Amino acid sequence: MISEVNLYLRQNKTKNNWYGVVIYPRKSLDVADTKHYSEFFDSGRITRIYLEDLGDAASLPIGIATIKWIIENQKIAKQQAKELIARTKQQGLPKPQQQQLLDLIGTILVYKLPKIKKEELKAMFKKSDLRKTTFYQE
């Protein structure tokens, strides 16, 4: 990540500061040796987030809860998908943002549960919401 950021900064004249976030499902996956890059972490320029430490999805903002849902057990994935869809519709988000989030939930759902039936998807999404998603159109 640091190499990519440095390459980007070298090739592009940016006026803004940059900040990076590395998201791990669990702390156990963070095995990189960062001793040569400690300035980036010490300065707060790069932050690591461990999804397992974020707490209950119901208490998280809907966007973060959706990302955390990626690492959840498949056994409860369908129920959580229904809850995320309902929360997305109740949040009062602008329509484009709401549709993007529904699209993300649908995409994650299809990858997380590749054997899910079309009928189950239709039951989770309203028909009009489902038709607007990328995974439905593809």
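Higher on the page you've got the structure.
1. A word on the overall build of the chain
- In terms of helices and strands, the chain carries 8 helices and 2 strands.
- From first element to last, N terminus to C terminus, the chain shows the α and β order α-β-α-β-α-α-α-α-α-α.
- Every one of the 138 residues in the chain was classed for burial, and the buried ones make up 31%.
- Within the chain, counting contacts between residues at least 6 apart in sequence, those at least 24 apart form 59% of the total.
- Only carbon and sulfur atoms are counted for the fraction: they give 52% of the accessible area of the chain, which is about 9,800 Å².

2. Here we look at the environment of Ile71
- Within the secondary structure layout, Ile71 lies in the loop between α3 (62-69) and α4 (77-90).
- Residue class for Ile71 comes out partly exposed when judged on its relative accessible area of 27%.
- Taking C-alpha positions, Ile71 is 7.8 Å from Leu51, a pair spaced 20 residues apart along the chain.
- Excluding anything up to four places from it in sequence, Ile71 contacts Pro25, Leu51, Glu52 and Lys112.

3. Observations regarding the pattern of salt bridges
- Summed over the entire model, instances satisfying the criterion amount to 4 salt bridges.
- For Asp53, the salt bridge identified is with Lys27, shortest N-O distance 3.5 Å. In this pair, Asp53 is assigned in the loop between β2 (46-50) and α3 and Lys27 in the loop between β1 (20-24) and α2 (38-42), connecting sequence segments 26 residues apart.
- On the accessibility criterion, Asp53 (45% relative accessible area) is partly exposed.
- Of the residues examined, Lys27 reaches a relative accessible area of 46% and is grouped as partly exposed.

4. A word on a nonpolar patch on the surface
- On the surface, Tyr19, Val21 and Ile23 cluster together into a nonpolar patch covering about 300 Å² of accessible area.
- In this fold, Tyr19 is placed in the loop between α1 (2-11) and β1.

5. Some remarks on α3
- Listed as buried for α3 are Ile62, Ala65, Thr66, Lys68 and Trp69. Seen along its axis, α3 keeps its buried residues to an arc of 165°; they face one direction.
- Along its buried surface, α3 packs onto α4 and α5 (95-112).

6. Looking at α4
- Relative to the 20 Å expected for 14 residues at 1.5 Å per residue, α4 spans 20 Å between its end C-alpha atoms, a close match to the ideal helical length.
- Along α4, the residues that are buried comprise Ala77, Gln80, Ala81, Leu84, Ile85, Arg87 and Thr88. Each buried residue of α4 lies within a common arc of 165° when the element is viewed along its axis, so the set occupies one face.
- Each element contacted by the buried residues of α4 is listed here: α3, α5 and α6 (118-124).
- Two residues or fewer after α4 comes Gly92, characterised by a positive phi angle close to 75°.

Rules behind the numbers
Residues numbered from 1 in each chain as written. Predicted model: local features only at pLDDT ≥ 70, side-chain atom pairs only at ≥ 80, totals over all residues. Heavy atoms only, no water. Helix = DSSP H or I, 4+ residues; strand = E, 2+ residues; numbered from the N terminus. Buried < 20%, exposed > 50% of the residue type's maximum accessible area, 1.4 Å probe, protein only. Contact = heavy atoms within 4.5 Å. Areas by Shrake-Rupley, 256 points an atom, 1.4 Å probe, with all protein chains shown as cover. Salt bridge = Lys/Arg side-chain N within 4 Å of Asp/Glu carboxyl O. Patch = residues over 30% accessible without salt bridge, like charges linked within 9 Å, V, L, I, M, F, W, Y side chains within 5 Å. Arc of directions from axis to C-beta. Expected span 1.5 Å × (residues − 1).

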